[in-house]
Each structure stands twice: as C-alpha cells, then as structure tokens.
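# Structure assessment
Now for the letters of each chain:
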Amino acid sequence: MDAENAHHFTFNFIKKLFAIPGTKQLAKSIYQVNDPRLQRTVFGITFPNPVGLAAGFDKDAKMVDEFASLGFGFVEIGTVTPKPQAGNDKPRLFRLIQDQAVINRMGFNNEGVQAAVERLKKVKSDIIIGGNIGKNKVTDNEDALTDYTICFEALHPHVHYFAVNVSSPNTPGLRSLQEKEPLKKILNSLQELNRQKSSPKPILLKIAPDLTDSQLDDIVEIVQDSGIAGVIATNTTISRDGLKTDKETIESIGAGGLSGKPLTKRSTQVIKYLSQQAKGTFPIIAVGGICSPEDAIEKLEAGASLVQVYSGYIYEGPALVTKINKAILKRFN
C-alpha cells in the first residue's frame, strides 16, 4: 500500500476500533506504564512519562485521545499553519524498509490552525499536548512572523507548550529562518507575546540535524538570549549518506526529509553538542532515529530530558513506547 494511504487507513482503523466500548481500557492495560518514577518535570510541566509522539504524525489533532491511551506521556500536534494547505504533490511519503527509514516531502499539509483548535476543544484526556507551528507556503519569509503569531495566539489556550518549526526541508526557504537574525526576530517576538499572557506557555525551537557546529553555537546563544524554554533536536535530514537502499531507488524518490534509523547517530551528536555547549541551561527534547529502547536511553544519556518517536513507531508499532518506558525504569531507577 502507498505509505500515505497506509497512514490514513491506520488512523481510520484506530478511530473505529476505539469507538468499540472497552477498547480504550484494553489499550491502556496493554501499553501504559503507570509508575511515578517515570514522571519528569521539564520547563515547568510534569510529564507522566518521558516518551512523546513527534509532530507530523497527528498533524490535525485527530487522534489525541487515542494516543493518550497508547502509553504516550505527551503528543505534539502539527505542524499547523494559519490557513489550510494541501502540501506538496503526491506521492510524497516513501518507506525505505531496508533502512528502517522514511522520506517525506509533505510540505506542511494540514487543515489550518482553526480546525486543530476545534478538535483540541473536544479532547477528553488530560495528556500533555504540544503545538508545532509553521508558516504557509505562500507566505514570504519577511512575513513569517505574522504566520507564527497567528498560530501561537490561536493555540495558546489549548496546548501545554509550543514548538516553532523553522527546520522542515519541505517548505521552500523555510530553513533560512534558522539563520541568526530572522530566528531572533521570530523567537523574541513570540516570547514577548508569551510574557503578556496570564499563563505563559513554554516555547521550544525545533532544529535541523544538518546545522554546522557554528550554527548550533548560534542556536545556543539565541535560546539563552530569548529566554525560550528549550530545543527539539532534530527534524529530518536532507542527507542520504550511508543508506542500504539502492542509489537508483533513492534518486527516483527525489527530494524530502529523511527520518528513522539513519538519523540516529547524527541526532545524538547534535543533542550531545547542544547539551555540552549550553551546560544544561535549557532542556532538550530528543527526536530522530529512536527505533528501540536503547536508542531512547542513548538520547537521554546524551543530554535529552524527553524523547519523541515517529518513524520508529511506524516500524516497531505501539509496543515501542511501552518497551522504552520499561527500559527507562530499569536503567535510571
């Protein structure tokens, strides 16, 4: 089955399954690991466990309650944009099974921030929710702040924290917003808005794995200067190094961000570098190539406070979250 069709099929199947009485309780009994030793208080929020679902999986907040029953400590919705947009042309999602990887060039396809807000209003569970925000493709970079502001204001009452996405490789020119000056402008402005709220929410920056050490140094400086809560490291990579899948297949797929097992090492390097350079002055959420409990523990030992899964979840299934939480209990307690 086409990878994107499979994703939607699975979503619909889970939705129907959870409509059957008793399914929610059964899922909780299988996948949730309820142990107070798993709790982590990070940027002022107490997470029931440190394993989250990364942005991009539930873009439009359609299955927050279902994922809450599948053992996650938190769910990050989005990336959402002010206006609905279709994203890039299909096909745009590809499995590299030999590599336990995925290439996507989705292009922030979503139903718009207001549609997400309406669904978030109906969430019944008390799971921690992150809101990953971006800009519309038609919005010039000079006007990007307006898009981030619209999403921030709309989601603020309905999420626990924010992730500012300037690192997707699938929106033309977006990654140039990671440069020092435009990034400072966006983060400082959002943080100023945030401070005016009666209950400010933590703002995190999601970064690419393809940044140089010099660029990562800039990130550390900007995070510290702006006073935002932390960093999510990392998004997908544009690199195709070291893949087992044959070159012809890779070339036929074309552009897009690579996630999954091939990202494990680089993501950990970025986390370790940021942690050392920042000297623990801000927390890091690790994402990128977490396909096993060992991968998650490696990220935590590199300096991350929380972890998120995406491609590993596709290949390993929902038991991955349970296995990671059990491994964390064994390793750190």
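Scroll up a little and you will see the structure.
Residues numbered from 1 in each chain as written. Predicted model: local features only at pLDDT ≥ 70, side-chain atom pairs only at ≥ 80, totals over all residues. Heavy atoms only, no water.

### A closer look at the sheet that holds strand β11 (residues 257–260)
Here 3 strands make up an open sheet; going across it, the order is β5-β6-β11 and the pairing antiparallel. Looking along the sheet, the strands with just one partner apiece sit at the ends: β5 (93–96) and β11. Direction aside, the axes of adjacent strands within the sheet are offset by 25° on average. Taken together, the 4 bridges between β5 and strand β6 (residues 101–104) define a ladder with antiparallel strand orientation. Each residue of the ladder has a partner; that of F94, found in β6, is I103. (Pairing = 2+ DSSP bridges. Helix = DSSP H or I, 4+ residues; strand = E, 2+ residues; numbered from the N terminus. Axes fitted to C-alpha atoms, helices over the stretch in contact; angles between N-to-C directions.)

### As for the pairing of strand β4 (residues 74–80)
Burial within β4 is extensive, with 7 of its 7 residues counted as buried. Relative to β4, strand β3 (residues 51–53) runs parallel, the two sharing 2 bridges. In the strand pairing of β4, G52 is matched with F74. As for the winding sense of the linkage, the β-α-β connection from β3 through helix α3 (residues 64–69) to β4 is right-handed. Summarising the sheet, β4 and strand β7 (residues 128–133) pair through 6 bridges and their orientation is parallel. Of the residues in β7, the one forming a bridge with F74 is I128. (Buried < 20%, exposed > 50% of the residue type's maximum accessible area, 1.4 Å probe, protein only. Right-handed = clockwise from strand over helix to strand, strands pointing away.)

### A short note on helix α4 (residues 113–120)
One turn of an α-helix holds 3.6 residues; hence residues three or four places apart share an orientation. Buried within α4 we find V113, A116, V117 and L120. Taken end-on, α4 shows its buried residues confined to a sector of 100°, consistent with a single buried face. In the core, the buried residues of α4 are packed alongside α3, β4, β7 and α5 (144–155). (Arc of directions from axis to C-beta. Contact = heavy atoms within 4.5 Å.)

### What about a nonpolar patch on the surface?
Residues M1, F9, F13, L17 and I20 make up a contiguous nonpolar surface patch of about 530 Å² in total accessible area. Positionally, M1 belongs in the segment before α1 (3–18). (Patch = residues over 30% accessible without salt bridge, like charges linked within 9 Å, V, L, I, M, F, W, Y side chains within 5 Å. Areas by Shrake-Rupley, 256 points an atom, 1.4 Å probe, with all protein chains shown as cover. Salt bridge = Lys/Arg side-chain N within 4 Å of Asp/Glu carboxyl O.)

### Observations regarding the side chain of T264
Secondary-structure assignment places T264 in helix α9 (residues 264–278). For T264, a relative accessible area of 8% corresponds to the buried category. Here T264 is in contact with G288, G289, D295, E298 and K299, once residues within four sequence places are set aside.

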